[in-house]
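# Descriptive analysis of the structure
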Amino acid sequence: MKTDSLTRRRLQVRGVVQGVGFRPFVHRLAREMALTGWVRNGVTGVHIEIQGDADKLSRFAEKLIIAAPRLARIDEIITEDIALEKTASSFFVEESACDGAVTTIIGADSAICDLCLKEMLTPSDRRYRYPFINCTHCGPRYTLVRHLPYDRATTSMSVFTQCAECLTEYTNTEHRRYHAEPNACPRCGPHLKLYDAKGQSLMGDAIHETLRVVRDGAIVAVKGLGGFHLACDARNRSAVDTLRRRKMRDEKPFALMMLNIESARCWCEIDEEEAKLLQSSERPIVLLKKKIGVDDIFPKIAGGMNTLGIMLPYTPIHYLLFHEALGRPSTHDWLQQAHDSSLVMTSANPCGEPLVIDNEEALRRLSGIADYWLMHDRQIVSRCDDSVVRANKETGGPLSTTPQFIRRARGYTPRAIRLRCTGNVPPVLATGGFFKNTVCITRDDEAFLSPHIGSLDNVATRLAFDATVTHLLKLLDVTPQAIAHDRHPDFYSTHVAAALAQRFSVPLIGVSHHHAHIAATVAEHHIDEPVVGLAFDGMGLGDDDTTWGGELLLVDDARCIRIGHLMPLLLVGGDRAAREPWRMAASVLAQTMTAQEAERTIARRFGAQSAVSTVTTLLLRAQNQKSLHTPLTTSMGRAFDAAAGALSVCACMSYEGQAAMLLEGLAHRYLDRHSTLPADTSLYRIDESMLSILDIKPLLASLFDIDDAEYGAALFHGTLIAATVDWTDRNARRENIRQIVCGGGCFMNTLLARGVERGLSARGYRVWQSRAVPSNDGGLSLGQAWVAIQMLIGNQ
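It should be emphasised that the depicted structure is a prediction, and the values quoted were computed from it without experimental measurement.

What counts, and where the lines are drawn
- Residues numbered from 1 in each chain as written.
- Predicted model: local features only at pLDDT ≥ 70, side-chain atom pairs only at ≥ 80, totals over all residues.
- Heavy atoms only, no water.
- Pairing = 2+ DSSP bridges.
- Helix = DSSP H or I, 4+ residues; strand = E, 2+ residues; numbered from the N terminus.
- Axes fitted to C-alpha atoms, helices over the stretch in contact; angles between N-to-C directions.
- Contact = heavy atoms within 4.5 Å.
- Salt bridge = Lys/Arg side-chain N within 4 Å of Asp/Glu carboxyl O.
- Buried < 20%, exposed > 50% of the residue type's maximum accessible area, 1.4 Å probe, protein only.
- pLDDT = per-residue confidence, 0-100.
- Parallel < 35°, antiparallel > 145°, perpendicular 65-115°, else oblique.
- Nonpolar A, V, L, I, M, F, W, Y, C, P; charged D, E, K, R; others polar.
- 1 Å grid on protein atoms, 1.4 Å probe; cavity = no way out; pocket = protein on both sides within 12 Å on 5 of 7 lines; lining within 4 Å.
- Points joined across faces, edges and corners; volume = space filled by probe spheres on them.

## Here we look at the sheet that holds strand E4 (residues 73-82)
By definition, the strands of a sheet pair up through backbone hydrogen bonds, in either a parallel or an antiparallel sense. What the five strands build is an open sheet, ordered E4-E1-E3-E2-E5; its pairing is mixed. Each of the sheet's edge strands pairs with one partner strand only, and the pair in question is E4 and strand E5 (91-93). Adjacent strand axes in the sheet meet at a mean angle of 20°, parallel and antiparallel pairs treated alike. Bridge count between strand E1 (residues 6-16) and E4: nine bridges; the pairing is antiparallel. Residue pairing in the sheet places Val13 in a bridge with Ile77 of E4. Helix-sheet contacts for helix H2 (residues 54-66) involve E1, strand E3 (45-53) and E4, and the interaxial angle to E3 is about 150°.

So, in structure tokens, the structure goes:
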């Protein structure tokens, strides 16, 4: 071809394009189109120089987008024409370039693909029953990489030297294992062993022995992609009871692992969207509606809940356990057939501490909980718990196509969230809150949320928090220009933020808790106008240094004004009131009755509680004078607790949010028999004297006279939804705003979230809720980062 008809073009492809088979895809595409040049990994993404006819080069760029590998995500292709290379005669893959600032990111961990699964289950294949099979379409990424660019030398696989056969695959640009960095086989890769409590490996096949002890009722610590699970037979009540006792998790629901959709459908209702989530490469735990009789088959798994958390196998080890349970079938038909085997798979995080990831650590920290340990010698670099989601079942609109996160971690971390930013955007590190902590780092127009870290109430979790901050800063190659944090002065995340601001000599920006809840959704959905924010959660420090949690806010990026709140309730005993719903119910009685009536009713309803006399005295005294022991709170979470206490649903909680979840479960059961939730608009008042105050104490007081807990729970939800819609509508009309944002942990309640959305949508409002991050405190760091960015940009 004459050189005067050729063009040479340089392409920089940004996005998730490393570790996903993008370079071999580019190589194959270029050769198919008879183009010359090269492709390589770099710190800004994938770099390509391509030469050929100009029309072909345009088609090549189009195909990069429409035919990209399934795990790839292309955010941008930057192109420029450059000088021809007259001697170019082929297309090849160059060594990675490591110079410059990192502006790309590694992909998330992915479930085993169908091709690898079938190879692993084919007796004649050299990787038959090999528990670490993978390719560029599947396997670990984020959990084994130390830094970019993503090459074997920068991962925990660097200690495993590939055998000749694996190396041939790894260097063959036409093979799907070309530069699959965890590539290995039984001859050269990691190995799996089962250990007893003394740290001694058991003789025999590790998978076979694991299944044998599980069937005997044992609890096994299973090392996965981002940490250990504690596993047992879900149908063995004794084993489940033992696991609960040893893990000190009396009632909090467990997640189950089932073989496939067909198996899960035996116990849960699954629609098309839920099926997609279950079978996606991310493989989250999906909350599914239980069928009748499930709690009889799986006792003590998720008692009192209307949903069951189900996940499908996502590692080779998981599939091998089910393969063994079925007697090692040689065909693949069993993969699509219903099977009754099911495993409890709960995070190995004793006493609320971080997920265990190291072998020696597992033997030490899980001693007394696990009976056996199924472990391998591939190091986990970064802990990453299972993600938990529910399908969004709203009709129409953008929210119907994406799930709602309860916990965002494996499969989604470190996937970027695109921000509404242009120009020079200063990078920010946000340290999140106290409960359900995550951290967020921004880089240009992208926000990167860490995996779920947990509550910062113990030394181990705080150390994990510190390690996460260090790892993400290194992985993203970011030096923050500001540190954002929750305004609460006592949070560990606040203390770390102050230290980091001093270390980097950058501004320290405190963000109000409920402002951050609303800002997270504003950032995610690129909302570019003022919104009315409904911030409903359990607690957060307000601008007046009191405990907020039922707030109506006017938010315009960095600007936040409180325009309304719930009528306060007395918080008896501080933090104990958040764990003992009967105290909040007693508070309602004290605030809605005469002193004598309240004293008698509290004694009659809650006399079994040892602190009832003290609580009654404090409540009645608080009616006349302020007390440190009975502060006021506007928390919606505490209102849910009061309702649960009034209906005798839950007097004391064994885990955070239990009372509200049980209340929601009862309301769902009512809805199973009725078409709508009952609502009584006479049971709330809206006071517009100064701030707009929503008073639902009449509703809460009415629940004490209801004997049918299901009806009472339904009435509470239905009336609360009506009150919230009415209250929000009045204030939004006064502020002339049509955009409503819902944020905070209470909007994890599907009845509340969907009811408020439907009610406000029917009145002509556009309602936004979090989808890319949890609406609970797991999303706070994104909101903090967004507010900080807006403040920095505004000061430029």
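## Observations concerning the pattern of salt bridges
Considering all chains together, one arrives at 51 salt bridges under this definition. Residue Glu165 is joined to Arg126 by a salt bridge in which the shortest nitrogen-to-oxygen separation is 3.9 Å. In this pair, Glu165 is assigned in helix H4 (residues 164-171) and Arg126 in the loop between helix H3 (114-120) and H4, connecting sequence segments 39 residues apart. Relative accessible area serves as the criterion here: at 40%, Glu165 is assigned to the partly exposed category. Across the pair Lys289 and Asp672 runs a salt bridge whose closest N-O atoms are separated by 2.8 Å.

## Some details on the pairing of strand E25 (residues 559-566)
With six bridges connecting them, strand E24 (residues 547-556) and E25 associate as antiparallel partners. When the bridges of E25 are listed, Val555 appears paired with Cys560. Between the antiparallel neighbours E24 and E25 lie two residues, among them Asp557 with a positive phi of about 55°. One ladder, built from three bridges, connects E25 with strand E29 (residues 692-695); its direction is parallel. Following the sheet pairing, Leu566 is matched in E29 by Leu694.

## Some words on the confidence of the model for the protein chain
Taken as a whole, the protein chain shows an average pLDDT of 93; of its residues, 97% reach a score of 70 or greater. Predicted confidence for residues 395-401 stays below pLDDT 50, and this span has ten contacts to residues more than four positions away or in other chains.

## Focus on the packing of helix H15 (residues 581-592) against helix H18 (residues 636-646)
Packing of H15 against H18 leaves a shortest axis separation of 7 Å and a crossing angle of 90°. Viewed along their axes, H15 and H18 adopt a mutual orientation that is roughly perpendicular. Residues Pro581, Met584, Ala585 and Val588 of H15 form the contact with H18, whose own contacting residues are Arg638, Asp641, Ala642, Gly645 and Ala646. Its residues assigned to classes, the contact of H15 with H18 comprises six nonpolar, one polar and two charged.

## Focus: empty space enclosed by the protein
For the structure on display, the rule yields eight cavities of 30 Å³ or more. Taken as a whole, the largest cavity encloses approximately 130 Å³ of empty space. Each residue belonging to the lining of the largest cavity can be placed in one class, and the counts come to ten nonpolar, six polar and two charged.

## Observations concerning unusual backbone geometry
Looking along the chain, the bond that leaves Thr413 and enters Pro414 is cis, with omega of 10°. Assignment of secondary structure puts Pro414 in the loop between strand E16 (404-407) and strand E17 (416-418). Notably, Arg328 is not glycine yet its phi reads approximately 55°, a positive angle. The residue Arg328 is located in the loop between helix H10 (316-325) and strand E13 (342-347) in this model.

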